[in-house]
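Remarks on the overall topology
One letter stands for each residue in the lines below.
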Amino acid sequence: MKKRMFGKAVTVITAMAMSGVLLAGCGSTEADTQPEAEAEQAEETATEPLAESTGETAEAPADIPAAPYFTKGVYVNYSEELENPDLTYFYVFNSDTYGYTADGANNGIGVPFDVVSQADGRVTLSFGGADESSEETLVITAVDDTGAVHGYFEDVPERPMVFELLSGADADTFSAENYVNGPEESVYHDANGWSVRYNADLFEVTSKGPETFIVYTGESAGTNMITVTYTVESGAEEAIKKLGESWGDATTYTEGPFPGAEDVTGYWAMLPPAEGGSGLYETAMARDYMDGALIFDLTGHMSGDEALDMAVSDSMAAVIDSLTWD
């Protein structure tokens, strides 16, 4: 029978207490070297206005506002021909000169882009990194009062697109995956290769250096949070012993499968709340990870209200039980 040991440990402690190209139409400037009659014809052609001989400098239609058409912000992208489009694909402009695409229905995957130019009803984007990139030009057909941009990519004019500006979305912190999932199914992806799901209405996640803090913000007694630390100073067993010793002699130690990686040994330290104390308890687990140790340290407080304490501990255990490894 398969059980999540961390969730079990939190429940046990609770019970103890209460219990995510333009190919410019260069007309081949084939320099005609044919003499006389053909030379005269070439001279006449050369005197024609430039706008008639090439579309490169054509101005935007009169009803199109002046550039820039995209500024810092998040734009959801969809086909103009759809009545009820899936609002899952985004262009995130970190400034009016660069950004990235993000597929919220596919773990937020996307590609970076640079804004090559915005002028005369056209926006040219260079997709990809420095090693490999490709340019595409968006022809602007309209810009709404709301900031929504209408247009089509030059190589597929039969596919009109809308880039709708999301009001209030912060380009610097936007998560396409969490926008699509909704707050109750938010996902945090750590740079060290692990992920958890959490309810953004109940938790706030911040990261600072080697530490990540998952803080419970719902109703509770005292501080309830999970601190995740990656260290290269020791392996998991040594790290958990050191942490447990800092809690005092009441700490107990066990071993068992690590959440989300059942074939990996986890090392556990548990400190139950002291009788007549503040209700503080600690539960930590660690595993060997990338030439070091990854430690999940849960700090909780019991209020004496059984229903409230169980709601808090179940929510925190659910975060740990959602662990996956990227």
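These notes cover the structure that comes with them.

Here we take up the pattern of salt bridges. Following the criterion strictly, the structure yields 3 salt bridges and no others. Between Lys 72 and Asp 172 there is a salt bridge, with its nearest N and O atoms 2.8 Å apart. Of the two residues, Lys 72 sits in the loop between helix H3 (50-53) and strand S1 (73-79) while Asp 172 sits in the loop between strand S8 (161-165) and helix H4 (176-181), which places them 100 residues apart along the sequence. Accessibility expressed as a relative area gives 52% for Asp 172, which makes it exposed. A salt bridge links Arg 122 to Glu 154; the shortest N-O distance between them is 2.5 Å. Remark: Glu 154 occurs in the loop between strand S7 (149-153) and S8 and Arg 122 occurs in strand S5 (residues 122-128); sequence separation between them is 32 residues. You can call Arg 122 partly exposed: its relative accessible area is 23%. A residue is classified by how much of its surface remains accessible, and Glu 154, at 28% relative accessible area, is partly exposed.

How two aromatic rings sit relative to each other is set out by the distance from centre to centre and by the angle between their planes. Counting across every chain of the model gives 21 aromatic pairs. Residues Phe 90 and Phe 174 carry aromatic rings whose centres are separated by 5.1 Å and whose planes lie at 65° to one another, so their mutual orientation is edge-to-face. Pair noted here: Phe 90 is in strand S2 (residues 89-93) and Phe 174 is in the loop between S8 and H4, with a separation of 84 residues, a long-range link. Of the two residues examined, Phe 90 and Phe 174, each falls in the buried class.

Conventions used here
Residues numbered from 1 in each chain as written. Predicted model: local features only at pLDDT ≥ 70, side-chain atom pairs only at ≥ 80, totals over all residues. Heavy atoms only, no water. Salt bridge = Lys/Arg side-chain N within 4 Å of Asp/Glu carboxyl O. Helix = DSSP H or I, 4+ residues; strand = E, 2+ residues; numbered from the N terminus. Buried < 20%, exposed > 50% of the residue type's maximum accessible area, 1.4 Å probe, protein only. Phe/Tyr/Trp six-rings, centres within 6.5 Å; stacked < 30°, edge-to-face > 60°.

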